[in-house]
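Fold and contact review
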Amino acid sequence: MSDKKYKGRIIKGVGGFYYVDTAEYASEGGENAVFECPARGRFRKYKQTPLVGDIVTVIADNLSKKGVVDEILPRRNVLLRPPVANVTQMAVVIAAANPRPNLYLTDKMLAAAQAARIDAVVCVNKTDIENADVICEIYKSAGYCTIPMSASDGTNVDILKEKLNGNITVFAGNSGVGKSSILNCVSGMERFETGEISSKAERGRHTTRHTELVRLDSGGYIIDTPGFGTIDFSGISPSECVSFFKEFENYTGDCRFSDCRHMTEPDCGITAAVERGDIAKSRYESYVRMLTEAESAGKR
Ligand code: GDP
Ligand code: ZN
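Residues numbered from 1 in each chain as written. Chains lettered and ligands numbered in written order. Predicted model: local features only at pLDDT ≥ 70, side-chain atom pairs only at ≥ 80, totals over all residues. Heavy atoms only, no water.

**Some points on the overall build of the chain**
On a plain count of helices and strands, the chain comes out with eight helices and 13 strands. Residue burial in the chain is summarised as follows: out of 300 residues, 49% are buried. Counting contacts in the chain only where the partners sit at least 6 residues apart, residues at least 24 apart contribute 63% of the total. (Helix = DSSP H or I, 4+ residues; strand = E, 2+ residues; numbered from the N terminus. Buried < 20%, exposed > 50% of the residue type's maximum accessible area, 1.4 Å probe, protein only. Contact = heavy atoms within 4.5 Å.)

Structure follows, in structure tokens:
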């Protein structure tokens, strides 16, 4: 038995063990293996609880593939739902049809990603049943990487895979838009349960889920539990609300008032850009709705 130090990432924690995948660091002279480490180990350098997604060092035996977590490296961020550290990207999934796209919900999820400083890509799924050009244009012009795709016929799945490579991606979106189908497509596994909303919810009640990172052959990890990025809008100021709509920032310099709420103020750069068609109407409507929610939450 020869213990060595390895660097890796916690991909799951079940049954009193953490599983640390060292594949990402194999090229640095490490090992390409998954080490099993007891959860009640000694964390020698930090008094922290490890999370799925954490980059850690382990002292482990390469033959038995067992070891202990030695050190948790500094985190870039922590998501609560699902509980994962170091997420780099959110894939917001909407369907071109069935269910009809909910643009406000989409903008709220993108706002949550923006607030958490996580990159976002927009996947417009089910292009096999409905043209997605209009909706794609909204998010492309807002500056998001937008992928029209179909989990059913495989359209642009390779483009999504390219975006996932090098990232840890959480999928978000309404139920029924095709998140599980997409996860199956990119991972090449029939691992995620797909189907009609009602039957899935029924089965879901009887299964407990642990969040797990799934390593893709094409590179990167996907999180097997869809996340739902909702924001608590209370105490959010108009200027903060604007910062959740990244394309708006190009135009706030044109506002006459520095504290412009971009609602009914004269000489407003944002409303002018909406009128010119430089900002999508639906994005502006979402902003107004969010701001209104934030202001009424603040009054309560
Ligand atoms: P989730 O709730 O977001 O995980 O959605 P599912 O992956 O379970 O998909 C919901 C339903 O939509 C299922 O019946 C899928 O077969 C179907 N579906 C998923 N992707 C596509 C697609 O690209 N095109 C079409 N036509 N149906 C799809
Ligand atoms: Zn303004």
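So much for the structure itself; the text now carries on.
**Points about the coordination of the zinc ion (ligand 2)**
Protein coordination at the zinc ion (ligand 2) comes from Cys255 (SG), Cys260 (SG), His262 (ND1) and Cys268 (SG), with a distance range of 2.1 to 2.4 Å. Taken together, the four donor atoms surrounding the zinc ion (ligand 2) define angles of 100 to 117° at the centre, an arrangement classified as tetrahedral. Every donor residue of the zinc ion (ligand 2) comes from the same chain, spaced as C-x4-C-x1-H-x5-C. Exposure remark for cysteine 260: the relative accessible area of 7% places this residue in the buried category. Look at histidine 262 and you get buried, because its relative accessible area is 5%. (Donors = N, O, S within 2.8 Å, 3.2 Å for Na, K, Ca; no water. Tetrahedral: all angles 85-135°; square planar, octahedral: opposite > 155°, others 65-115°.)

**Examining the nonpolar core**
Ranked by size, the top nonpolar core spans 44 residues in total, and within it Val58, Val124, Tyr139 and Leu213 carry the most contacts. Setting aside chain neighbours within four positions, we find tyrosine 139 in contact with Ile94, Leu103, Thr106, Asp107, Leu110, Val122, Tyr144, Thr146 and Arg283. The next biggest cluster of nonpolar side chains, apart from the first, holds 21 residues, and it includes Phe245, Phe248, Tyr251 and Ile270. (Core = buried A, V, L, I, M, F, W, Y, C linked by side-chain atoms within 4.5 Å.)

**What about the packing of aromatic side chains?**
Summed over the entire model, instances satisfying the criterion amount to five aromatic pairs. Their ring planes at 25° and their centres at 5.0 Å tell us that phenylalanine 245 and phenylalanine 248 sit as a pair that is stacked. Note on phenylalanine 248 and tyrosine 287: the rings are 5.7 Å apart at their centroids and 65° apart in plane angle, and the pair reads as edge-to-face. Residue phenylalanine 248 is located in the loop between α6 (238-243) and α7 (269-276), and its partner tyrosine 287 is located in helix α8 (residues 281-299); the two are separated by 39 residues in the primary sequence. Stacked on the ring of tyrosine 19, the Lys or Arg lysine 12 has its end atom at 4.9 Å from the ring centre. The ring centre of tyrosine 221 lies 5.3 Å from the NZ or CZ of arginine 215, which sits over that ring. (Phe/Tyr/Trp six-rings, centres within 6.5 Å; stacked < 30°, edge-to-face > 60°. Lys NZ or Arg CZ within 6 Å of the ring centre and 35° of its normal.)

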